[in-house]
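# Geometric and topological summary
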2 protein chains.
Amino acid sequence: VAEPITFYFDFSSPYGYVAAQLIGPVAARYRRDVLWRPILLGAIFKSTGGRPLKELGLKWDYSRHELARTARRHNFPFVLPDPFPFAAVVASRAFYWLEATDPGRAAPFARAVFRAAFAEGRDMSLPIAVAAAAATVGIDDAALMGALDDQSWKDRLRAETDQALAHGVFGSPFFVVDGEKFWGAERLPEIDAWLASGGW
Amino acid sequence: VAEPITFYFDFSSPYGYVAAQLIGPVAARYRRDVLWRPILLGAIFKSTGGRPLKELGLKWDYSRHELARTARRHNFPFVLPDPFPFAAVVASRAFYWLEATDPGRAAPFARAVFRAAFAEGRDMSLPIAVAAAAATVGIDDAALMGALDDQSWKDRLRAETDQALAHGVFGSPFFVVDGEKFWGAERLPEIDAWLASGGW
């Protein structure tokens, strides 16, 4: 069986949202699973000196325009949530709890969180907003709220983020395909060509 | 007649070199000319706070790997020149002198400079290296050396860089297609799709 595509992202990353909209068909075309890996980009930026998109001046102006243009091209909704960026801690801990306890719902949950943030503009730093998004994909929202205070999911998120950094992840989205790294939603055509040809 | 594709780049930018290798067939497919626009990214970074690729830690590690991978995919040579980055002032001034005095040789000259830097590893900050690259595409190297001290080409390069910044250019390569901005060599498939469909 071929390895899954590892898909690192921060739930607060709009290009992460774009990648979440587009990775499914690419992976399915080559019969690859996607291993969803939410991380905290803020923690990574503390090590790398990276800065949030919104602070990047001309690059942020460009990105806002491009994000709307990409959504038009692929016909999915796009809004910036308020506040932006938001703390993705709650959604990310909930993801790892779900992956461990009800793994078939983890990816649908991740998609629901992205949708609530970037299609509906909700503040997904709030536990109640994350629970509401979870409920839309059949997850017991009370159980989710209970899991958020469990130290083990806090530790797990920190460990996943540390591990991503150790693997060289510096941005969101970030993909690893058969050991090869691809950064950015705009590299998906390159990933597609890589999978089609077996690499170069 | 359709507008040309404006192609902003710094001669010292390895992704600018990649774009220079790949833009020709894309433009030709849609019968577009390419307007080559060398600029000084260092001057732009003074305004934007941008930093050279080589100082970006994990992103630089990633980029070195990706640049070699992209060259393998498309079957062109790639080395990093020494020193890297290099001051692109001489090559850029020579480009604008040529564009004004022998316009048909300006793009071949730009390709020759990129080739000398990123296929042969030469130090293209040196006037003698720029003149040698120019000679390979039939340019009078003594005339080129003479033009380098002309204040008008110094002023022209500064004006082109200032104008690029005013248009929102923050990196290299950077394309403008029918008023739409596309940053990075990895957006060329997006540009291709845009030109094929007439936009979205």
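For the structure itself, look to the data block above.
All values derive from a computational prediction rather than experimental measurement.

### Quick look at the interface of chain A and chain B
Tallying the contact residues gives 29 residues for chain A and 29 residues for chain B. Between chain A and chain B, the buried area comes to about 2,600 Å², and carbon and sulfur atoms account for 54% of it. Of all residues in chain A, Tyr62(A), Arg73(A) and Trp200(A) bury the most surface against chain B, accounting for 24% of the area lost on that side. Between chain A and chain B we count eight salt bridges in total.

### A word on the relation of the copies chain A and chain B
Screw-axis analysis of chain A against chain B gives a translation of 0.0 Å along the axis, an RMSD of 0.0 Å, and a rotation angle of 180 degrees. Interpreted geometrically, this transformation is the action of a two-fold axis. Among all residues of chain A, the minimum C-alpha distance to the rotation axis is found for Glu186(A), at 3.2 Å.

### As for the environment of Arg32(A)
Residue and element names in this part refer to chain A. For Arg-32, the position within the fold is in the loop between helix 1 (14–29) and strand 2 (34–38). Using a relative accessible area of 14% as the deciding quantity, one classes Arg-32 as buried. Measuring from C-alpha to C-alpha, the distance between Arg-32 and Ile-5 comes to 6.6 Å, with 27 residues separating the pair along the chain. Setting aside anything within four residues of it in sequence, one finds Arg-32 in contact with Ala-2, Glu-3, Ile-5, Ala-27, Asp-178 and Leu-195. Here the side chain of Arg-32 touches Asp-178 through a polar contact of 2.8 Å, side chain to side chain.

### Considering the pattern of salt bridges
When the charged atoms of two side chains with opposite charge come close together, those side chains can pair. If you walk through the whole model with that rule in mind, you get 30 salt bridges over all chains. With its nearest N and O atoms 2.7 Å apart, the salt bridge here joins Arg187(B) to Glu66(A). Taken together, the positions of Arg187(B) in the loop between strand 4 (180–183) and helix 9 (188–197) and Glu66(A) in helix 3 (residues 58–74) put the pair across two chains. For the pair Arg187(B) and Glu66(A), one class covers both residues: buried. Measuring nitrogen to oxygen at the nearest pair gives 3.0 Å for the salt bridge that ties Arg105(B) to Asp102(B). For Arg105(B), a relative accessible area of 33% corresponds to the partly exposed category. Here the salt bridges do not stand alone but share partners, grouping Glu66(A), Arg69(A), Glu180(A), Glu186(A), Arg187(A), Glu66(B), Arg69(B), Glu180(B), Glu186(B) and Arg187(B) into one network.

### What to know about unusual backbone geometry
With an omega of 0 degrees, the peptide bond running from Ser172(A) to Pro173(A) counts as cis. Within the element layout of this structure, Pro173(A) appears in the loop between helix 8 (151–166) and strand 3 (174–177). Cis geometry is adopted by the peptide bond preceding Pro83(B), which originates at Asp82(B) and carries an omega value of 5 degrees. For Pro83(B), the location among the structural elements is in the loop between helix 3 (58–74) and helix 4 (89–101). One non-glycine residue with positive phi stands out, namely Asn75(B), at about 65 degrees. Turning to its location among the elements, Asn75(B) is positioned in the loop between helix 3 and helix 4.

### Focus on the sheet that holds strand 3 of chain A
All names here are of chain A. Across the sheet, which stays open at both edges, the four strands sit in the order 2-1-3-4 with mixed pairing between neighbours. Since the sheet does not close on itself, it has two edges, and those belong to strand 2 and strand 4 (180–183), each with one partner. Mean inter-strand twist for the sheet, computed between neighbouring axes without regard to direction, equals 20 degrees. In this sheet, strand 2 lies alongside strand 1 (residues 5–9) in parallel orientation, the contact comprising five bridges. Counterpart to Tyr-8 in the pairing with strand 2 is Arg-37.

### Here we look at the nonpolar core
Core analysis: the largest hydrophobic core is formed by 70 residues, its most contacted members being Phe11(A), Trp36(A), Phe109(A), Met124(A), Leu144(A) and Phe175(A). Apart from residues no more than four positions distant in its own chain, Phe11(A) is found in contact with Pro38(A), Phe86(A), Ala88(A), Ala91(A), Ser92(A), Phe95(A), Ala110(A), Val113(A), Phe114(A) and Phe118(A). Counting 69 residues, the second largest nonpolar core, distinct from the first, contains Ile5(B), Ile23(B), Phe95(B) and Phe174(B).

### Re helix 2 (residues 41–48) of chain B
Count 3.6 residues to each turn of an α-helix, and residues three or four apart come out pointing the same way. All names here are of chain B. Looking at helix 2, one finds that the buried residues are Leu-41, Ile-44 and Phe-45. Along the long axis of helix 2, the arc covered by the buried residues comes to 105 degrees, so they all point the same way. Opposite the packed face of helix 2, turned more than 90 degrees from it, sit the exposed residues Lys-46 and Ser-47. Where helix 2 is buried, its residues touch helix 8 (151–166). In the segment just after helix 2, Gly-49 is the residue with positive phi, at about 80 degrees.

### Comments concerning the side chain of Glu180(A)
Within the secondary structure layout, Glu180(A) lies in strand 4. Reaching out from Glu180(A), the side chain makes a polar contact with the side chain of His65(B) at a distance of 2.9 Å. Setting aside its immediate chain neighbours within four residues, Glu180(A) contacts Phe175(A), Trp194(A), His65(B) and Arg69(B).

Parameters at a glance
Residues take numbers from 1 onward in each chain, read along the sequence in its written order. In the order they appear in the text, chains get letters beginning with A and ligands get numbers beginning with 1. Per-residue local features are limited, in this predicted model, to residues with pLDDT of at least 70; the limit for side-chain atom pairs, both in listing and counting, is 80 or more; totals at the level of whole chains, interfaces and linings are taken over all residues. Values shown for side chains rest on all heavy atoms present in the structure; no hydrogens or waters enter the calculation. Note on contacts: a residue pair qualifies if any of its non-hydrogen atoms lie within 4.5 Å across the two residues. When two parts are brought into contact, each loses some accessible area as probed by a 1.4 Å sphere; the total of that loss over both is the buried area. By definition, a salt bridge exists where a carboxyl oxygen of Asp or Glu is found within 4 Å of a side-chain nitrogen of Lys or Arg. Only residues with pLDDT of at least 70 in both copies count here: their C-alpha atoms drive the least-squares fit that superposes the copies. A run of H or I in DSSP counts as a helix once it spans at least four residues, and a run of E counts as a strand once it spans at least two, with each numbered from the N terminus. Each residue is placed in one exposure class: buried if its accessible area under a 1.4 Å probe, protein chains only, is under 20% of its type's maximum, exposed if it is over 50%, and partly exposed if it falls in between. Pairs of N or O atoms within 3.5 Å make up the polar contacts considered here, provided that, within protein, one atom can donate a hydrogen while the other can accept it, and that residues adjacent in sequence are counted only when both atoms are side-chain atoms. Note on pairing: DSSP must find at least two bridges between two strands before they are called paired. Only C-alpha atoms enter the line fits that serve as axes; for helices the fit covers just the stretch in contact. Angles between N-to-C directions range over 0 to 180 degrees. Working definition of a nonpolar core: buried Ala, Val, Leu, Ile, Met, Phe, Trp, Tyr and Cys residues. They are joined through side-chain atoms within 4.5 Å. Think of the arc as the fan of directions from the helix axis to the C-beta atoms.

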